Amino acid sequence: MTANKTPEQIEKLRQDNNKLSKRIIRETANAIVDYNMIEDGDKVMVCLSGGKDSYALLDVLMTLQKRAPIKFELVAVNLDQKQPGFPEEVLPNYLSSIGVPFHIENQDTYSIVKRLIPEGKTTCSLCSRLRRGILYRVADELGCTKIALGHHRDDILATFFLNLFYAAKLKTMPPKLVSDDGKHTVIRPLAYVPEKDLIAYAELKKFPIIPCNLCGSQENLKRKEVGNMLRAWEKESPKKVWNIFKSLAAVAPSHLMDKNLFDFVNLRPTGVADENGDKAFDAEDYSNYSPLEEEKTGTSHQALLGQEDEHTSVLQADAKDTSSTADNPSKDTKYQKVISIQKL
Ligand code: SF4
């Protein structure tokens, strides 16, 4: 990667890589804190497929585990579904080399799926249902309190548009959920990280990627179509894509149409003026948007998700004020955790 580069170019590359690592770690820490994903004493099962996202998830959680003010355990779990050509030595070798506790669950779901699904039909739905059941069982057997998946920002956006276009629903994959059996908490610590950063991180870290087409399943054309749409938007305007992402955390039920979320039926005037209330007749003004702003905003979610105020101001205060919490009772413990995790 550094062949034929000048010392200046090598130094620039080193700085860019450093920034990339810090950005991914910071965004992951932010998501964990924002959604209270990992708590003191948790045992987190990190689902590892051998793809770039799950390798990055494990890598970043191991870093956070060393630096966070709370104690939590990690155990990497791979489900070997016995797909033809799966290189079964790759993950155990890698996991042993990085010194993380791990478990490989061998279950031949590939044969079950092949037997039950007629040739040419989509296999993913049965395959993922079987996988889910096995992973829940393994989490129980290992005593894990959280199950971590490697979905990232672009997975969340793509799922949002797939639901919008093909299921007529405003929903996506949330950063944290309770499983349908009511027994497990599933978390997505990479929720704020864009895929392009994970692609670059996988190259930087030289993860031993296992190809994801071993099952021979057809590529999901709808997901591919939505992915292409998002990539085209990102190229045209990264801010537009970040704004869509930001909107998922800024929902106004009174300005949508779901009668179950907002009681339109009993809506009546209050008689009390509200400066921030609905102007009803005024057109929204979107003219402040300027493509030039994108240069300044970069790709960090913080400026766009409006979290910079909360986190950065506490960080700045902390940088100036080194007194302990006992000296300054106004600092609450959640912020102390944010500060400690953010100082990575
Ligand atoms: S792509 Fe293959 S391994 Fe993944 S869910 Fe579909 S059938 Fe299963």
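A quick note: this is a predicted structure, and the numbers were derived from the prediction, not measured. (Residues numbered from 1 in each chain as written. Predicted model: local features only at pLDDT ≥ 70, side-chain atom pairs only at ≥ 80, totals over all residues.)

Before going further, it helps to examine the nonpolar core. Here is a general trend for soluble globular proteins: nonpolar side chains tend to be buried in one another's company. Ranked by internal contacts, the top residues of the largest apolar core, which has 40 residues, are Met 45, Val 46, Cys 47, Leu 61, Ile 147 and Ala 148. With seven residues, helix α2 (residues 52-67) is the largest single contributor of residues to this core. Leave out the neighbours within four places in its chain, and Cys 47 touches Ser 54, Val 77, Leu 135, Ile 147, Ala 148 and Leu 149. One finds Ala 158, Phe 160, Val 226 and Leu 230 within the second-largest nonpolar core, a separate group that totals eight residues. (Core = buried A, V, L, I, M, F, W, Y, C linked by C-beta atoms within 7 Å. Buried ≥ 20, exposed ≤ 12 C-beta atoms within 10 Å, placed from the backbone. Helix = DSSP H or I, 4+ residues; strand = E, 2+ residues; numbered from the N terminus. Contact = placed C-beta atoms within 7 Å.)

Glancing now at the sheet that holds strand β6 (residues 185-187). Read from one edge to the other, the open sheet built from six strands follows the order β3-β2-β1-β4-β6-β5, with strand pairing classed as mixed. Two strands lie at the open edges of the sheet, namely β3 (102-106) and β5 (176-178), each paired on one side alone. Across the sheet, the mean angle from the axis of one strand to that of its neighbour is 25°, orientation sign disregarded. Bridge analysis of β5 against β6 gives three bridges, and the strand direction is antiparallel. The residue of β6 that forms the bridge with Val 178 is Thr 185. Helix α5 (residues 124-142) rests against β1 (43-47), β2 (73-80), β3 and β4 (146-148) of the sheet, and its axis sits at about 145° to β2. (Pairing = 2+ DSSP bridges. Axes fitted to C-alpha atoms, helices over the stretch in contact; angles between N-to-C directions.)

To continue, consider the environment of Phe 72. Tracing the backbone through its elements, the reader meets Phe 72 in the loop between α2 and β2. Under the C-beta neighbour-count criterion, Phe 72 is labelled partly exposed, with 17 such atoms within 10 Å. Counting along the chain gives 32 residues from Phe 72 to Asp 40, while the straight-line C-alpha distance between them is 5.9 Å. In contact with Phe 72, not counting residues within four places along its chain, are Ile 38, Gly 41, Asp 42, Val 44 and Gln 65.

For Lys 82, which is not glycine, the phi dihedral falls at a positive 65°. Residue position: Lys 82 is located in the loop between β2 and α3 (90-98). Of the residues examined, Lys 82 has 15 C-beta atoms within 10 Å and is grouped as partly exposed.

The ligand sits among Thr 123, Cys 124, Cys 127, Ser 128, Cys 215 and Ser 217. Split into classes, the residues belonging to the shell around the ligand amount to three nonpolar, three polar and no charged. (Near = placed C-beta within 6 Å. Nonpolar A, V, L, I, M, F, W, Y, C, P; charged D, E, K, R; others polar.)

It is worth spelling out the UniProt feature "binding site: [4Fe-4S] cluster" (unreviewed entry) in the protein at this point. UniProt records the feature "binding site: [4Fe-4S] cluster" (unreviewed entry) at Cys 124, Cys 127 and Cys 215, using the numbering of this structure. A compact arrangement is adopted by the annotated residues: their sequence extent is 92 residues, whereas the largest C-alpha distance between any two is 9.9 Å. Looking at where Cys 127 falls in the secondary structure, it is placed in helix α5. What makes Cys 127 buried here is the crowd of 20 C-beta atoms within 10 Å. For Cys 215, the position within the fold is in the loop between α7 (195-205) and α8 (221-236). In contact with Cys 215, not counting residues within four places along its chain, are Gln 83, Tyr 110, Thr 123 and Cys 127. (UniProt positions renumbered as here; feature names shortened; annotations may be inferred.)

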